[in-house]
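# Coordinate analysis (summary)
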Amino acid sequence: MNVHHRAWGVWAVGLAAYLVGVMHRTSFGVAGLDAAARFHAGPAVLSGFVVLQLLVYASLQIPVGVLLDRFGARRLIVVGALTMAAGQLMLALATGLPLAILARVLVGAGDALTFISVLSVVSAWFPPRRVPLMTQLTGLIGQLGQVLSAVPLAVLLHGPGWTTAFVSAAALGVAVALAALAVLRDRPPGAPAPPRAPSPREVVDGLVSSWREPGTRLGLWTHMGTQFSGTVFALLWGVPYLVAGQGFSPGAASAMLTVLVGVGIVAGPLFGEFTARHPLRRSWLVLAVIGTTALMWTVVLAVPPPAPRWLLVLLVVVLALGGPASMVGFDYARTFNPGHRQGTAIGIVNVGGFFASLLVALTVGVVLGLIGPADGYSPEAFRGAWTVQYVIWVLALVGVLVARRRARRKMAIEGVVVPPLRELLAERRRPR
């Protein structure tokens, strides 16, 4: 098998590991109401499950980036898959809160090891011109893991039951770990060996240098502003919101998550190609997605519940654009940082969206507990709870604009001039 064909095989296995990781990550979204009954958990406690999972995930991103630069992608992907499988097996057997909480901690830890490691495989095995598109494909096809949790896992959950569903998820995790161990390699044959492992002082210096790079901070704010709304919707509050807040059946609410994934898969390659063709215009795509998402939520929340079904479908379609747009943040990390610290830079970027997600998931749960009825959820409580998102959108927009200005200033010093958007549009209108 030549290197080209082998690259696709290596990518396919890495993609499978990420896809199953997304299934583990989002499995609590379809099981939220079942978990509330099983563990006698109110809204705040229920949100605490996902918040703790995301907190572990986000807190480990920078350490994982350092570990990736030191130990390589293959080891981290295998360990991540086995750790998530252990967490799902523990959740399958849990009957009380302490064990269930520990299970989600393990899922968050294993999840943290996976995605940026798969991105490292993409960067190592594919030519630079193709990396933005492959990054989008990885991120978006991987989101089919939401379909695995929304359909087959949900069928097992509401058929054979809780234990069977989560034992099956654990078994799938072990299977992809074995596949990764057998097929994945950190780099193509004949590629230069990686540099020696950095010393602790060099690790700290690399972390500081990555953070000082304005392109890294631009990537972090990009990831934060685009990703969190769809993540919170898919991981925890989307299904309860649609069922208790908008009158959907559980099956119809789970099906909406498949719409989220399907639209993202269509948008991903388009966003990736745009990023590759117009690297100096990436921020405009980011700003458009953040603004459209905030506007769409404003329209939905302004309508007294239940909102028209078509409007909620349109909301899910817009939320689906956040995932592809968040991948632009990783492209900033890749293009603004040298190869030896890209793992660290990607880890910093990945913190943004997930810290925002955990804050919003927790705050939504707290607000629901404060203003909702004592025996469950209400449409008006959800309507008030979702408004907490606006704080993050404002913060991210300011961050993108400030970091973009600093990145462009640095590029100008280096001799790269970004022409005004009006000049680009005028150039495109000129006859050829």
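For the structure, see preceding data.
Small disclaimer: the values here were computed from a predicted structure and weren't measured.

### Re the nonpolar core
Within the largest apolar cluster, 130 residues are counted, with the highest numbers of intra-cluster contacts made by Phe28, Trp162, Phe233, Trp237, Tyr241, Trp297 and Trp386. Excluding its chain neighbours within four sequence positions, the residues that come into contact with Phe28 are Ala35, Leu46, Phe49, Val50, Leu91, Arg104, Trp162, Leu235 and Leu236.

### Some thoughts on the packing of aromatic side chains
The full count for this structure, using the stated rule, is 17 aromatic pairs. Judged by centre distance (4.6 Å) and plane angle (35 degrees), the ring pair of Tyr18 and Phe115 falls under tilted. Of this pair, Tyr18 sits in helix α1 (residues 3-30) while Phe115 sits in helix α5 (residues 97-125), and the two are 97 residues apart along the sequence. Neither residue differs from the other here; Tyr18 and Phe115 are each classed as buried. Ring pairing ties together the aromatic residues Phe233, Trp237, Tyr241, Trp297, Phe382 and Trp386, which thus form one cluster. Over the aromatic face of Phe248 sits the side chain of Arg309, whose NZ or CZ is 3.8 Å from the ring centroid.

### Some words on a nonpolar patch on the surface
A cluster of nonpolar side chains, namely Leu362, Val366, Leu370 and Ile371, defines an oily patch on the protein surface of about 370 Å² accessible area. Within the secondary structure, Ile371 sits in helix α16 (residues 342-371). Relative accessible area serves as the criterion here: at 49%, Ile371 is assigned to the partly exposed category.

### With respect to helix α6 (residues 131-142)
Counted at 1.5 Å a residue, the expected span for α6 with its 12 residues is 16 Å, and the 16 Å between its end C-alpha atoms agrees. Within α6, 10 of the 12 residues are buried, leaving the element largely enclosed by the surrounding structure. The set of residues buried in α6 consists of Val131, Pro132, Met134, Thr135, Gln136, Leu137, Thr138, Gly139, Leu140 and Gly142.

### Topic: the pattern of salt bridges
Pairing between side chains becomes possible if they bear opposite charge and their charged atoms approach one another. Throughout the structure, instances matching the rule amount to six salt bridges. Residue Arg334 is joined to Asp331 by a salt bridge in which the shortest nitrogen-to-oxygen separation is 2.8 Å. Taken together, the residues span about one helical turn, with Arg334 and Asp331 both in helix α15 (residues 322-336) at a distance of three residues. Here Arg334 matches Asp331 in class, with each residue buried.

### Comments concerning the environment of Asp205
Topologically, Asp205 is positioned in helix α10 (residues 200-212). Asp205 sits in the partly exposed class, given a relative accessible area of 36%. When the C-alpha positions of Asp205 and Gly347 are compared, they lie 15 Å apart, and in sequence the two are 142 residues distant.

### A word on unusual backbone geometry
Geometrically, the link from Pro305 to Pro306 is a cis peptide bond, its omega value of 5 degrees lying close to zero. Assignment of secondary structure puts Pro306 in the loop between α13 (282-302) and α14 (309-320).

### What to know about the environment of Ala407
For Ala407, the position within the fold is in helix α18 (residues 389-413). With residues up to four places along the chain from it excluded, the contact list for Ala407 reads Pro214, Gly215 and Phe336.

Thresholds, definitions, all that
Residues numbered from 1 in each chain as written. Predicted model: local features only at pLDDT ≥ 70, side-chain atom pairs only at ≥ 80, totals over all residues. Heavy atoms only, no water. Core = buried A, V, L, I, M, F, W, Y, C linked by side-chain atoms within 4.5 Å. Buried < 20%, exposed > 50% of the residue type's maximum accessible area, 1.4 Å probe, protein only. Contact = heavy atoms within 4.5 Å. Phe/Tyr/Trp six-rings, centres within 6.5 Å; stacked < 30°, edge-to-face > 60°. Helix = DSSP H or I, 4+ residues; strand = E, 2+ residues; numbered from the N terminus. Lys NZ or Arg CZ within 6 Å of the ring centre and 35° of its normal. Patch = residues over 30% accessible without salt bridge, like charges linked within 9 Å, V, L, I, M, F, W, Y side chains within 5 Å. Areas by Shrake-Rupley, 256 points an atom, 1.4 Å probe, with all protein chains shown as cover. Salt bridge = Lys/Arg side-chain N within 4 Å of Asp/Glu carboxyl O. Expected span 1.5 Å × (residues − 1).

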